[in-house]
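# Architecture at a glance
Each chain, written out:
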Amino acid sequence: MISTGIGVCMTEPKNGRPIFFPKNLVLLGNLALFAWIILEAIAFLLFDITVGIVFLVATLVLIYGLLHLLGCLRPCYNCVKCTHGMGRLAALYFGKRVFKDYKYSYKLPTAIFFTLYIGAFPATFALYSAIIEFTVVKSMVFVVLLAFTIYSGLTWRTRKHSNP
């Protein structure tokens, strides 16, 4: 059993080494994810209240129901503490690439779908809504959604290691 005391471990299937989800990532990542979902719902609510409520309910069911369940399917026998899939949710959207487990839990098409569903789709809709009927609030919501989307997308990039 391996424990660092600073994170939660999950066994990586490739080579059996544990993946440690830092507590800050689990906590702050899930708070940011929830704020992102609320902001998206606001973007849809500013367009139409019914569309906003439907989007909010559908997103909560898809993210905290289905995606959470998919992230928690792999057992973690060597773990000191389990995050019940919440570490994987935070890692999928805000974690470094080393924490992303898209090959074994979510599969790549699922990760791409949920990244587009919670990122590009609401940001594009917010832009469309702001163009149709411009308000400062709609444009601010679009800018913040775009920032969340870009930041989340940048966490997927691989970093080049320079050899001296």
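Preceding this paragraph is the structure being described.
All of the points below concern the structure found in this document. (Residues numbered from 1 in each chain as written. Predicted model: local features only at pLDDT ≥ 70, side-chain atom pairs only at ≥ 80, totals over all residues. Heavy atoms only, no water.)

## Focus on helix α1 (residues 23-47)
Defined as follows: Strands here mean DSSP runs of E at least two residues long; helices mean DSSP runs of H or I at least four residues long; both are numbered from the N terminus. A helix is expected to span 1.5 Å multiplied by its residue count minus one. Only protein chains enter the calculation, and the probe is 1.4 Å; a residue is then buried if its accessible area is under 20% of its type maximum, exposed if over 50%, and partly exposed in between.
Here α1 contains 25 residues, and its C-alpha end-to-end distance of 37 Å stays within 8% of the 36 Å for a straight helix at 1.5 Å per residue. Taken together, the buried positions of α1 are occupied by Leu25, Val26, Gly29, Asn30, Leu33, Trp36, Ile37, Leu39, Glu40, Ala41, Ala43 and Phe44.

## Focus on the packing of aromatic side chains
Aromatic ring pairs are defined here through the distance separating the ring centres and the angle between the ring planes. To be explicit about the condition: Stacked, edge-to-face and tilted labels apply to pairs of Phe, Tyr and Trp rings (six-membered ring for Trp) whose centres lie within 6.5 Å, assigned for plane angles under 30 degrees, over 60, and everything in between, in that order.
Per the stated rule, a full pass over the model turns up 15 aromatic pairs. Measuring from ring centre to ring centre gives 5.2 Å for Phe113 and Phe114, while their planes differ by 80°; the resulting arrangement is edge-to-face. Using a relative accessible area of 3% as the deciding quantity, one classes Phe114 as buried. Geometrically, the ring pair formed by Phe113 and Tyr117 is stacked, given 6.0 Å between the ring centres and 20° between the ring planes.

## A few points about a nonpolar patch on the surface
Note the cut-off: What goes into a patch is any residue over 30% in relative accessible area without a salt bridge, connected to like charges within 9 Å or, for nonpolar side chains (Val, Leu, Ile, Met, Phe, Trp, Tyr), within 5 Å. Using a 1.4 Å probe, accessible areas were evaluated by the Shrake-Rupley method; residue-level cover was limited to the displayed protein chains. The salt bridge definition used is simple: a Lys or Arg side-chain nitrogen within 4 Å of an Asp or Glu carboxyl oxygen.
A surface patch of nonpolar side chains, about 890 Å² in accessible area, is lined by Phe34, Ile38, Ile42, Leu45, Leu46, Ile49, Ile53, Val57, Leu60, Val61 and Val137. Relative to the elements of secondary structure, Leu46 occurs in helix α1. We classify Leu46 as partly exposed; its relative accessible area is 34%.

## Structural notes on helix α6 (residues 136-154)
The line we're drawing: Picture the helix axis, draw a direction to every C-beta atom, and the arc is the one those directions span.
Its 19 residues give α6 an end-to-end C-alpha distance of 27 Å, which sits within 8% of 27 Å, the value for a rise of 1.5 Å per residue. Looking only at α6, the buried set comprises Lys138, Ser139, Val141, Phe142, Leu145, Thr149 and Ser152. One face of α6 carries all of its buried residues, which in axial projection span an arc of 155°. More than 90 degrees from the buried face of α6, the exposed residues found are Val136, Met140 and Val143.

## With respect to the packing of α1 against helix α3 (residues 86-94)
Condition: Think of each axis as a best-fit line through the C-alpha atoms, taken over the contacting stretch in the case of a helix, with angles from 0 to 180 degrees between the N-to-C directions. Here the word oblique covers every angle except those under 35 degrees (roughly parallel), over 145 (roughly antiparallel) and from 65 to 115 (roughly perpendicular). What makes a crossing left-handed is the near helix being turned counterclockwise from the far one by less than a right angle; a clockwise turn instead makes it right-handed. In this analysis, two residues are considered to be in contact whenever any of their non-hydrogen atoms come within 4.5 Å of each other. The residue classification treats Ala, Val, Leu, Ile, Met, Phe, Trp, Tyr, Cys and Pro as nonpolar and Asp, Glu, Lys and Arg as charged. All others, Gly included, are polar.
Orientation of α1 relative to α3, taken along the N-to-C sense of each, is 65°, at an axis distance of 8 Å. When the interaxial angle is binned, α1 and α3 end up roughly perpendicular. The crossing of α1 and α3 is left-handed. Of the residues in α3, those touching α1 at Leu25, Val26, Gly29, Asn30, Ala32, Leu33 and Trp36 are Met86, Gly87, Leu89, Ala90, Ala91, Tyr93 and Phe94. Here the residues of the contact of α1 with α3 sort into 11 nonpolar, 3 polar and no charged.

## Describing the environment of Phe121
When you line up the elements, Phe121 lands in helix α5 (residues 108-132). On a C-alpha basis, the gap between Phe121 and Glu40 in space is 9.5 Å, while along the polypeptide they are 81 residues apart. In this structure Phe121 touches Phe44, Phe55 and Leu116, once residues within four positions along its chain are discounted.

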